[in-house]
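What the coordinates show
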Amino acid sequence: MKLLDGLTISLCISMATSLVLPGFDQLRLQQQNVLSLLPKEKIQIQTLSEIWSYVDCAIASLGPKEIVIDSDLSILKPVQASSIPRSEFNQWLLYQRNVSFHGVLNNIGGYGYNADNVSVGCIIASPSKSSPNYFYQWVRDSAITINTVIEYLYDDNIDDSIDKSELLEAIDGYINNIHHLQRQDNRSGKFKDGYASLGEPKFMVNGDPFNDSWGRPQRDGPGLRALSVANYIDLLDKLGIQKDSERLSFIYNEVLKPDLTYVTLYWDHDGFDLWEETNGLHFFTSLTQLKALRRGIELALRFEDYEFHRDLKNAYAQLRNFIVGRDSGFQDPRFPHIIEHPNLVDAPAHIRRNGLDIATIIAALRSHDVDDAGDIVNIPFGVDNARVLNSLTYLVNDMKFRYPLNQGRIVPGLTLGMALGRYPEDTYNGVGTSEGNPWFISTSSAGELIYKLLYLQYKYQQDFVIDSSNREFYEMFLDLPKDSARGIQIRIPFGSDTYRALSVSLIQYADSFLDVIREHVDNEGQMSEQFNRYNGYMQGAEKLTWSFGSVWSCLRWRNRILNLLATINE
């Protein structure tokens, strides 16, 4: 046992700070203040950890501490965007963006050549009719897909080969198709029996119910549909298109309102997840439902539907409290990432999952409009949330070793995106069960998350703030001082040299996920659902609509952040 006084402890502080904080611009840790709080008398110390306990107590009593880094570029780690020359990569991006959008259009009934002899407005999941048969219309996939078309029109950069009026007709056809599907009694229930029919996940391409066994009901579809319809109403406003009052009333009362009512009634009821495998309450479903309720609250006021507005606000408050509260299980203190399926974390070994799932990232993407400041406040778990970012970090760290095709991308000292699948325990191979594979949806969603994160930072001119909650994500790009793991916050001021350098690294990292996709699409840019974990060849449903839409959305956000940066730098 040793006797140490405050001076000796102060020397420990001095040595520690000199070792771990060389070259930083500003250390907002007032050492003299810390020393004044240390004991004057000799104290009994047995281990070095006991010294740190005194130091931690002294530091904690001074309030929040931070290190500001604004001009140190030496902390940046190398990141590689693509394995081919930048000019070739940029050409591929332009080509793939066009192919991806047309891949979406080709699978819309009444518009695309892959969807001949199907109902107008029906969006097929894939033209594949065997091994596997995806020639159906899924409510979830269709809602996400039609939103791709809405966003394309909203961006107002129409390709000369595309007729805008035909795209608007395709959206109108989709809305009429919703009205038909909603009222089809099916194995999930009846429309007139508490709107239970709206939980049905998929239908035949002619609009008839699908009557075979399936994972039903699925509660995410109505909310996602409501989001797309709400976005369509916004689009009409932006384009200055005056729909007659009768048509708008039909869209609100007969299409949008039933789906929103379903969410108010069933948000706390078990249902199957977006992968159609497990029954319970799921993060993806809950967060997209919350976003739908928020949009519904806005539109109910617009249409002067005050009683329904009250119902939506009540459901929104209850659901939001559930999502952020302990009872949901979405934030488990045992894990730094979001839990997609809380009921499986402590389940029997043969069905147990650790909750890590790309669905949590897709939920953040689909539930947050980063151009809407209200979403930052009102919808939790945005693209800059620590647990969302940790979900990506842990998925990458798991799957870079899980999938052999990633081995060539593991380069010591180099940060690279990886081919990502759905979740670590996945066994679906695209036709049956054996071993899970990387998905185009998963890999592109990772890139989109990074682009949207950076867009959010620049749009609202936010500093990068790094603490113990998000440290693991930012350590992929920065050599961080050890003190940030001891309760000291690191801040990189907006517009500083370090900020701009980190921004470049983030774009390169997001690009590297697109580079994975480039390596595994075919020569014409076509995409299936998955690509093999060993050889990288595509498998599963061919020309998957959601794959095309997800890659297009990733490329869209890449363009948006680059355009924003160009505007700022003018």
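Residues numbered from 1 in each chain as written. Predicted model: local features only at pLDDT ≥ 70, side-chain atom pairs only at ≥ 80, totals over all residues. Heavy atoms only, no water.

- As recorded in an unreviewed UniProt entry, the chain goes by glucan 1,4-alpha-glucosidase and comes from Komagataella phaffii.
- Turning to the chain, the UniProt annotation filed under Sequence similarities (unreviewed entry) states: "Belongs to the glycosyl hydrolase 15 family."
- Here is the UniProt Catalytic activity (unreviewed entry) comment for the chain, exactly as written: "Hydrolysis of terminal (1->4)-linked alpha-D-glucose residues successively from non-reducing ends of the chains with release of beta-D-glucose." (UniProt positions renumbered as here; feature names shortened; annotations may be inferred.)

1. Topic: the layout of surface pockets
- Computed from the structure, the largest pocket encloses a volume of approximately 710 Å³.
- If you trace the largest pocket, you find 34 residues lining it, with Asn 147, Glu 151, Asn 231, Asp 369 and Arg 556 closest to the centre.
- Looking at the lining of the largest pocket, the elements with two or more residues in it are helix H5 (139-155), helix H7 (220-239), helix H9 (283-302), helix H11 (358-367), helix H14 (440-459) and helix H17 (545-568).
- No other element matches the 8 residues that H5 contributes to the lining of the largest pocket.
- Here the residues of the lining of the largest pocket sort into 12 nonpolar, 9 polar and 13 charged. (1 Å grid on protein atoms, 1.4 Å probe; cavity = no way out; pocket = protein on both sides within 12 Å on 5 of 7 lines; lining within 4 Å. Points joined across faces, edges and corners; volume = space filled by probe spheres on them. Helix = DSSP H or I, 4+ residues; strand = E, 2+ residues; numbered from the N terminus. Nonpolar A, V, L, I, M, F, W, Y, C, P; charged D, E, K, R; others polar.)

2. Concerning the pattern of salt bridges
- Taken as a whole and judged by the stated rule, the model has 39 salt bridges.
- One salt bridge in this structure joins Asp 220 and Arg 140, with 2.9 Å as the shortest N-O distance. Here the residue Asp 220 occupies a position in helix H7, and Arg 140 occupies one in helix H5, the gap between them amounting to 80 residues. When sorted by exposure, Asp 220 lands in the same class as Arg 140, which is buried.
- Note that Arg 558 is salt-bridged to Asp 511, the shortest N-O span being 2.7 Å. On the criterion of sequence distance, the pair formed by Arg 558 in helix H17 and Asp 511 in helix H16 (residues 497-520) is long-range, its members being 47 residues apart. Comparing Arg 558 with Asp 511 shows no difference in burial state: the two are buried.
- Overlapping salt bridges, with partners in common, bring together Asp 234, Lys 291, Arg 294, Arg 295, Glu 298, Asp 372 and Asp 375 in one network. (Salt bridge = Lys/Arg side-chain N within 4 Å of Asp/Glu carboxyl O. Buried < 20%, exposed > 50% of the residue type's maximum accessible area, 1.4 Å probe, protein only.)

3. Some points on the packing of aromatic side chains
- Going through the model one piece at a time under the given rule, you end up with 29 aromatic pairs.
- Where Phe 494 meets Tyr 499, the ring centres are 5.1 Å apart and the plane angle is 75°; that geometry is what we call edge-to-face.
- In this structure Tyr 499 comes out as buried when scored by relative accessible area, which is 0%.
- Here the aromatic residues Tyr 458, Phe 464, Phe 473, Tyr 474, Phe 477, Phe 494, Tyr 499, Tyr 509 and Phe 513 are joined through ring pairs into a cluster of three or more.
- Seen from the ring of Phe 210, Lys 202 lies directly overhead, with NZ or CZ sitting 4.2 Å from the centre. (Phe/Tyr/Trp six-rings, centres within 6.5 Å; stacked < 30°, edge-to-face > 60°. Lys NZ or Arg CZ within 6 Å of the ring centre and 35° of its normal.)

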